[in-house]
Amino acid sequence: MSRKVLVIGEVREGALRNVSFEAIAAAKTMSDGGEIVGVLCGSDDLTNMGKELIYYGADRVVTVQSDQLASYTSEGYSQALMAVIDDESPEGIVMGHTAIGKDVTPKLASKIETGLISDAVNIEETGDNIVFTRPIYSGKAFEKKIITDGLIFATIRPNNIKALDRDEGRSGEVTAREVDIKDLRTVIKDVIRKSTEGVDLSEANVIIAGGRGVKSEDGFKPLEELAEVLGGAVGASRGACDAEYCDYSLQIGQTGKVVTPDLYIACGISGAIQHLAGMSNSKVIVAINKDPEANIFNVADYGIVGDLFDVVPKLTEEIKQI
Ligand code: FAD
């Protein structure tokens, strides 16, 4: 059964987040040959980003440009998105399970009066059903879910569903939709960013994470150097954050970010269940720990028993030679 599916793309600091392209691939499965319509909101000209969505598989794109959308507010974005949803009457909607996705999609689902499957890591079509797989119990089990009635609405976890190949030969319309965004009760006056430069943790393919074993803020330096040669991001356990070795924005785990990189290197992290909840679905896990009994070795594909201050610089040097 073919369906029209709306893909809500996400723009961050003037660039499209990768999960927007992954959402198009998810929409492809959900649409069963139906039309895929991208939606973008922001305050700058979104035409070129709209074209990118088309190169990645959208059939056409609707943009909503307004000064009121310069920073994300759930009221502003939900007004803009509801206007497009009302115009398009889609049979499916998909978005990344990002900070914005987690906030805006429940609001939209309640306005549309439909269900929402959040944080899907896989989507498949079986007969007339679209089956979503999502982790439960902090990633210790998975459940499969379908929406049996009405619009199919889902968010997808970044880095799990492979984006389609980019094809600049694809064409499609990018149209602007004016929306009168009004009665905002929240206005963002200023955004003060934490110093998380470089690769975005939740979309990184490689993460070098440090725990209490790094022992100090300076102890993160060898990890940063390894991350740089691998083109990855630095993350942390809550132990390292609590000890003030790094900012909480780096925390991975049950109460931090959930990540699924291709490669996760855990350095001086014991492997508490709350930490595993945020990283155990990584494709390849390498653990470096002095303690051969550390729990992290139970989830690791490769384990190195040793002092991270010996091992990490050696790894960096070896990788530089490649
Ligand atoms: P430790 O457990 O102290 O481990 C340090 C490790 O470093 C040890 O295994 C040690 O052998 C090793 N080590 C020491 N020196 C070296 C060296 N030189 N070289 C190599 N290895 C070395 N934790 C999270 O991470 N994320 C969360 O989201 C999170 N949420 C939580 C939510 C709740 C409600 C609770 C109660 C806890 C939560 N925690 C979370 C905390 C969690 O239980 C652990 O306390 C924390 O993960 C421990 O961090 P750690 O592994 O860095 O420290």
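Procedures and definitions
Note on numbering: residues in each chain are counted from 1, in written sequence order. Reporting of local features is limited, given that this is a predicted model, to residues whose pLDDT is at least 70; pairs of side-chain atoms are given and counted only at 80 or more, and all residues count toward the totals for whole chains, interfaces and linings. Note that water and hydrogens are dropped before the side-chain values are worked out from all heavy atoms of the structure. UniProt positions are given in the numbering used here, feature names are shortened, and annotations may be inferred rather than shown by experiment. In this analysis, rings of Phe, Tyr and Trp, with Trp reduced to its six-membered ring, are considered paired at centre separations within 6.5 Å, and the interplanar angle assigns stacked below 30 degrees, edge-to-face beyond 60, and tilted for intermediate values. The numbering of helices and of strands both runs from the N terminus, where a helix is a DSSP run of H or I of at least 4 residues and a strand a run of E of at least 2. Relative accessibility thresholds used throughout: buried, under 20% of the residue-type maximum; exposed, over 50%; partly exposed, between the two (1.4 Å probe, protein chains only). Nonpolar side chains (Val, Leu, Ile, Met, Phe, Trp, Tyr) within 5 Å and like charges within 9 Å form the patches, drawn only from residues with over 30% relative accessible area and no salt bridge. With residues, only the protein chains shown are counted as cover, and all accessible areas are computed by Shrake-Rupley using a 1.4 Å probe. Salt-bridge detection follows one rule: a side-chain nitrogen of Lys or Arg within 4 Å of a carboxyl oxygen of Asp or Glu. In summary, the charge assignment counts Lys and Arg as positive and Asp and Glu as negative, without counting His or the chain termini. One atom stands in for each charge, and that atom is NZ of Lys, CZ of Arg, CG of Asp or CD of Glu. For this description, a residue counts as near a given molecule or strand if any of its non-hydrogen atoms is within 4 Å of it. Side-chain atoms alone can form a polar contact between residues adjacent in sequence; in general such a contact is a pair of N or O atoms within 3.5 Å, and within protein one must be able to donate a hydrogen while the other accepts it. When residues are grouped by polarity, Ala, Val, Leu, Ile, Met, Phe, Trp, Tyr, Cys and Pro land in nonpolar, Asp, Glu, Lys and Arg in charged, and all others, Gly among them, in polar. Two cysteine sulfurs form a disulfide in these notes if their separation is within 2.5 Å. A fitted line through C-alpha atoms serves as each axis, taken over the contacting stretch for helices, and the angle formed by two N-to-C directions is quoted from 0 to 180°. An angle below 35 degrees is treated as roughly parallel, one above 145 as roughly antiparallel, one from 65 to 115 as roughly perpendicular, and anything else as oblique. Should the near helix be turned anticlockwise from the far one by less than a right angle, the crossing is termed left-handed; should it be turned clockwise, right-handed. Pairs of residues are marked as contacts when any of their non-hydrogen atoms sit within 4.5 Å. What makes two strands pair is DSSP finding at least two bridges between them. The handedness of a crossover follows from its direction of travel: if, with the strands pointing away from the viewer, the path from the first strand over the helix to the second runs clockwise, the crossover is right-handed.

- Where an unreviewed UniProt entry is consulted, the protein chain appears under the name Electron transfer flavoprotein subunit alpha, with the organism given as Pontibacillus salipaludis.
- One UniProt comment on the protein chain, placed under Sequence similarities (unreviewed entry), says "Belongs to the ETF alpha-subunit/FixB family."

Remarks on the packing of aromatic side chains
Now for step 1: For the structure shown, the criterion picks out two aromatic pairs.
Now for step 2: Both rings, one in Phe 21 and one in Tyr 56, keep their centres 3.8 Å apart while their planes meet at 20°; by these two values the pair is stacked. Remark: Tyr 56 occurs in the loop between α2 (47-55) and β5 (60-65) and Phe 21 occurs in helix α1 (residues 18-31); sequence separation between them is 35 residues. For the pair formed by Phe 21 and Tyr 56, the shared burial category is buried.

Quick look at a negative patch on the surface
Now for step 1: Taken together, the side chains of Glu 217, Glu 224, Glu 225 and Glu 228 make up a negatively charged region of the molecular surface.
Now for step 2: Along the chain, the position of Glu 224 falls in helix α5 (residues 221-230).

Some remarks on the site of the ligand
Now for step 1: Surveying the vicinity of the ligand reveals 26 residues, the closest of which are Arg 212, Ser 237, Thr 255, Ser 270 and Asn 289.
Now for step 2: Backbone polar atom of Arg 238 to an oxygen atom of the ligand: 2.8 Å apart, as the coordinates give it.
Now for step 3: The side chain of Asn 289 places a nitrogen or oxygen atom 2.7 Å from an oxygen atom of the ligand.
Now for step 4: Secondary structure elements with two or more residues in the shell around the ligand: α6 (238-242), α7 (273-279) and α8 (308-321).
Now for step 5: By residue class, the composition of the shell around the ligand is five nonpolar, 15 polar and six charged.

Looking at the state of the cysteines
Working definition of a disulfide: a covalent bond connecting the sulfur atoms of two cysteines.
Now for step 1: Counted according to the given criterion, the structure contains zero disulfides.
Now for step 2: For the unlinked cysteine Cys 241, the closest cysteine sulfur is that of Cys 246, found at 3.8 Å.
Now for step 3: A disulfide-free cysteine, Cys 267 has its sulfur positioned 12 Å from the sulfur of Cys 246, the nearest such atom.
Now for step 4: A relative accessible area of 0% means that Cys 267 is categorised as buried.

Topic: the packing of helix α3 (residues 74-88) against helix α4 (residues 99-112)
Packed helices, taken two at a time, are described by their axes: the angle between them and the distance between them.
Now for step 1: Viewed as axis vectors pointing N to C, α3 and α4 meet at an angle of 50°, and their least axial separation amounts to 10 Å. Put simply, α3 runs oblique to α4. α4 is crossed by α3, and the crossing has right-handed handedness. Between α3 and α4, the contacting residues are Ser 74, Glu 75, Tyr 77, Ser 78, Leu 81, Met 82 and Ile 85 on the first element and Asp 103, Val 104, Lys 107, Leu 108, Lys 111 and Ile 112 on the second.
Now for step 2: Residues that form the contact of α3 with α4 fall into these classes: seven nonpolar, two polar and four charged.

Comments concerning the pairing of strand β16 (residues 284-289)
Now for step 1: Burial analysis of β16 places five of its six residues in the buried class, the great majority of the element.
Now for step 2: Where strand β15 (residues 263-267) meets β16, five bridges bridge the pair, whose relative direction is parallel. When the sheet's bridge partners are listed, Ile 265 is paired in β16 with Val 286.
Now for step 3: Taken together, β15, α7 and β16 form a β-α-β motif whose crossover is right-handed.

As for unusual backbone geometry
Now for step 1: Phi angles above zero are rare outside glycine, and Asn 159 is one such case at about 75°.
Now for step 2: For Glu 244, which is not glycine, the phi dihedral falls at a positive 65°.
Now for step 3: Here Glu 244 lies in the loop between α6 and β15.
Now for step 4: Using a relative accessible area of 65% as the deciding quantity, one classes Glu 244 as exposed.

What to know about the sheet that holds strand β6 (residues 92-96)
Pairing between sheet strands relies on hydrogen bonds along the backbone, with the strands arranged either parallel or antiparallel.
Now for step 1: Pairing is parallel in the open sheet, where seven strands are placed in the order β7-β11-β6-β1-β4-β5-β12. Both edges of this open sheet fall to β7 (117-120) and β12 (174-176), since each of them pairs with a single strand only. Between one strand axis and the next, the sheet turns by 25° as a mean value, whatever way the strands run.
Now for step 2: Two strands pair when backbone bridges link them, and β6 and strand β11 (residues 152-156) are joined in this way by five bridges, in the parallel orientation. In the strand pairing of β11, Val 94 is matched with Ala 154.

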